[in-house]
Amino acid sequence: MIGQILGNLLNVILDPIMILGFHWGIAGAAIATVIGNVAGAGYYILYFLQGKSTLSIHIRDFSVKDQIFTGVLAIGIPASLGSLLMSVSQIIVNARMAGYGDMALAGMGVAMKVTMMTGMVCIGFGQGVQPLLGYCVGAKLWERFKKIMRFSIFFSLALSAVMTGLCYLLRGSIIRVFLTEPASFDYALTFTNILLTTSFLFGVFYVLTNALQAMGAAVQALIINLSRQGIIYIPALFLLQAMLQANGLAWAQPVADLLSTALVAVLYLWTSRKMMAGSPEKKI
């Protein structure tokens, strides 16, 4: 947590200094981001090298035995491809939205940031649940696994609903922090209203996705990560833009959220039932 806060806080502090103080503009923002990332990574490296963790990054402890290699890839590849597709889809959205002018592009960017406030909280909760679920899967403690999942589903749904409600109520104030031009503000408000229609599903989606990764279901997790930001989302961008113009580009994300949440629910139920049936409960 300290490492993540350190990098991001340093980025926030350096942004106004380099953008406004040094007048470096976009380049200043990029430099601030790089410095923040290097600082965060440096903190983690020093933490491990000083022996403060039971984990090790020393070369002598490197091993690919006991399916370590496949286990790391099973969790890492879906997550990394999801991040990669998120960047690709963002490039496509910006390129398509640019055709409607700078005000529309700025409005879309801010609207996505407003929605991201809910998304980031839910991503964090989903990642926090994953180690608990992974432990239960490894120990074959299925009753405990079910209890954690029930709590996580209901809590994440309530969390994302509350966050969505707050973002909706405060959307005007949040947007005004970034935009003052009336035209861009109107675009941002419209796009924010659209994107918030399904953000209450974020919590459930990320809990189920991380549950699949905790079960080692690499193929299923890969399908989900490819679907939400790629297989479903990217075609929806072109299809809905043809139907609804700029608003269609905004509606593509709620459509992808709805379909991918339904898909991850089906895959989770199928995978968990199959795994529990093939691996009996262990008593402790």
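### Section: the environment of A250
Here A250 lies in helix α11 (residues 246–278). By relative accessible area, which is 0% here, A250 ends up buried. The spacing of A250 and I194 is 56 residues in sequence and 6.5 Å in space, taken between C-alpha atoms.

### What about the packing of aromatic side chains?
One pass over the structure, following the stated rule, counts 10 aromatic pairs. Both rings, one in F22 and one in W24, keep their centres 4.9 Å apart while their planes meet at 50 degrees; by these two values the pair is tilted. Look at F22 and you get partly exposed, because its relative accessible area is 45%. Where Y43 meets Y44, the ring centres are 5.9 Å apart and the plane angle is 65 degrees; that geometry is what we call edge-to-face. Through successive ring pairs, a cluster of aromatic residues spans Y43, Y44, Y47 and F48. In this structure, R171 is placed above the aromatic ring of Y168, and the distance from its NZ or CZ to the ring centre is 3.9 Å. Over the ring of F205 we find R228, and its NZ or CZ is 5.2 Å from the ring centre.

### Remarks on the side chain of T164
Relative to the assigned elements, T164 resides in helix α5 (residues 142–169). The class of T164 is buried, set by a relative accessible area of 10%. Among the polar contacts made by the side chain of T164, one reaches the main-chain carbonyl oxygen of S160 at a distance of 2.7 Å. When residues no more than four places from it in sequence are discounted, the contact partners of T164 are T118, L196, S199 and F200.

Basis of the calculations
- Per-chain numbering applies: the sequence of each chain, read as written, is numbered from 1 onward.
- Per-residue local features of the predicted model are confined to residues with pLDDT of at least 70, and side-chain atom pairs are confined, for both listing and counting, to 80 or more; whole-chain, interface and lining totals are unaffected and use all residues.
- To get the side-chain values, take all heavy atoms of the structure and skip hydrogens and water.
- Under the scheme used here, helices are H or I runs from DSSP no shorter than 4 residues and strands are E runs no shorter than 2 residues, and both carry numbers assigned from the N terminus.
- Three labels apply to residues, based on accessible area from a 1.4 Å probe with only protein chains included: buried if under 20% of the type maximum, exposed if over 50%, partly exposed otherwise in between.
- Here a Phe, Tyr or Trp ring, Trp counted by its six-membered ring, pairs with any other such ring whose centre lies within 6.5 Å, and the pair is stacked when the planes are under 30 degrees apart, edge-to-face when over 60, and tilted otherwise.
- Whether a charge sits over a ring comes down to the Lys NZ or Arg CZ being within 6 Å of the ring centre and within 35 degrees of the ring normal.
- Here a polar contact is recorded for every N or O atom pair within 3.5 Å, except that within protein the pair must consist of a potential hydrogen donor and a potential acceptor, and residues adjacent in sequence are included only if both atoms are side-chain atoms.
- Here, residues are in contact when the closest pair of their heavy atoms is within 4.5 Å.

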